[in-house]
Amino acid sequence: MFDDNYKTIEASAWQGRIDSESNYDTFRWHQWIQPIDLREKDLAPFTGKLGFAFIGFCCDEGVKRNKGRAGAANGPQNIRRELSNLPCRFTQEVKLFDAGNIYCENSTLEESQELLAKAVEKVLELNLFPIVLGGGHEVAFGHYQGILNHTKKNNAKPNIGIINFDAHFDLRPYPNGGSSGTMFRQIADQCQEQALNYSYFCVGVQKHSNTIDLFKTADRLEAEYVLAKDIIDGDSWSLLERFDQFIKGNDHIYMTICADVFSSAFAPGVSATQPLGLEPEKVIKFIKYILKSNKVVSFDIAEVSPRFDQDNTTANLAKVLIFSVIDTLCQGHDLAL
């Protein structure tokens, strides 16, 4: 099932301050994280109240194909480093697991995406909530496949909605193969081939970053979208109402964030910077609102590129976003402290 491009995480990936080795109230995530090996055949499903599993996607081959700035393959290690010192603001019934990394060494992008799909499917089978750390945004195609493969076991025609916070539609054609700019077009084509519902909502689209053809493609595919300028200048309530309608029409929600949706003041370390992107506070508000629907089954953040980051600013933002996801889900299960 897994090949040499799947590797478990080393203990050195999670290190940080220790105030006490016995007082849980002082614990940080690096003291609570447990490694798991998805290759183990006797892994039993999680039976606790709430469990999360991190998966690193150490790949930016799609960014390279898209002629973007490579470097996001090293994103997972920097994000983990930032996550390590977060406080355990949840009860001890909440468990954190690290399910290792997917690499793209001596293999193709498509093979790495297929391997990620298997990892996500396995994590969902274990009754854990996947949090995938990119990597380029091509992570989305493999991530979606894992969700689709899992949900198909109970429903041959699963209704999966995708909410993507992104400056780009990522709906480009792919005559020479997929990239970090084609995933949601690939998913649309797959849905058409398999007679599945295609439900895509792109939040934070920039006019100057997308061609007219991409807007026409979004309209043809009946994808929903909201421009970044309308979020910055507009009324949040109208967008929340659109989220309500979108969520209502889907059984499961896959949430993905491309770090280039944010202003470069908050996210300088990305493949394509956005000087007039979104502010994190608003996006976190939207994330929490969507999560409270209890339909979100998986989450990822992509395009964190340490090579271009300044003082780990972008990785630090990813940390806060992931904390918000976990904290909101813990609150929903009455497990937050």
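Since the structure is predicted, the reported quantities are computational estimates derived from the model, not experimental observations.

(A) Structural view of unusual backbone geometry. Residues glycine 134 and glycine 135 are joined by a peptide bond in cis, for which omega reads 15°. Summarising the element assignment, glycine 135 is placed in the loop between strand 5 (129-134) and helix 5 (139-151). In the Ramachandran plot, asparagine 106 falls in the positive-phi region, its phi being about 55° despite a non-glycine side chain. Structurally, the position occupied by asparagine 106 is in the loop between strand 4 (94-103) and helix 4 (109-125). Of note in this structure, asparagine 127 is not a glycine but carries a positive phi near 65°. You can see asparagine 127 is positioned in the loop between helix 4 and strand 5. Residue asparagine 127 is classed as partly exposed on the basis of its relative accessible area of 47%.

(B) Main features of the pattern of salt bridges. With the rule as written, the count across this model stands at 11 salt bridges. Across the salt bridge formed by glutamate 110 and arginine 65, the nearest N and O atoms sit 2.8 Å from each other. One end of the pair, glutamate 110, is in helix 4; the other, arginine 65, is in helix 2 (residues 61-65), with 45 residues separating them in the sequence. Using a relative accessible area of 34% as the deciding quantity, one classes glutamate 110 as partly exposed. We classify arginine 65 as partly exposed; its relative accessible area is 36%. Two residues, aspartate 230 and lysine 229, come together in a salt bridge whose shortest N-O distance is 3.1 Å. Assessed through its relative accessible area of 43%, lysine 229 is described here as partly exposed.

(C) Local environment of the side chain of serine 324. Relative to the helices and strands, serine 324 resides in helix 11 (residues 313-332). Look at serine 324 and you get buried, because its relative accessible area is 8%. Once residues within four sequence positions are removed from consideration, serine 324 is found in contact with Ile284, Lys288 and Leu291.

Thresholds applied
Residues numbered from 1 in each chain as written. Predicted model: local features only at pLDDT ≥ 70, side-chain atom pairs only at ≥ 80, totals over all residues. Heavy atoms only, no water. Helix = DSSP H or I, 4+ residues; strand = E, 2+ residues; numbered from the N terminus. Buried < 20%, exposed > 50% of the residue type's maximum accessible area, 1.4 Å probe, protein only. Salt bridge = Lys/Arg side-chain N within 4 Å of Asp/Glu carboxyl O. Contact = heavy atoms within 4.5 Å.

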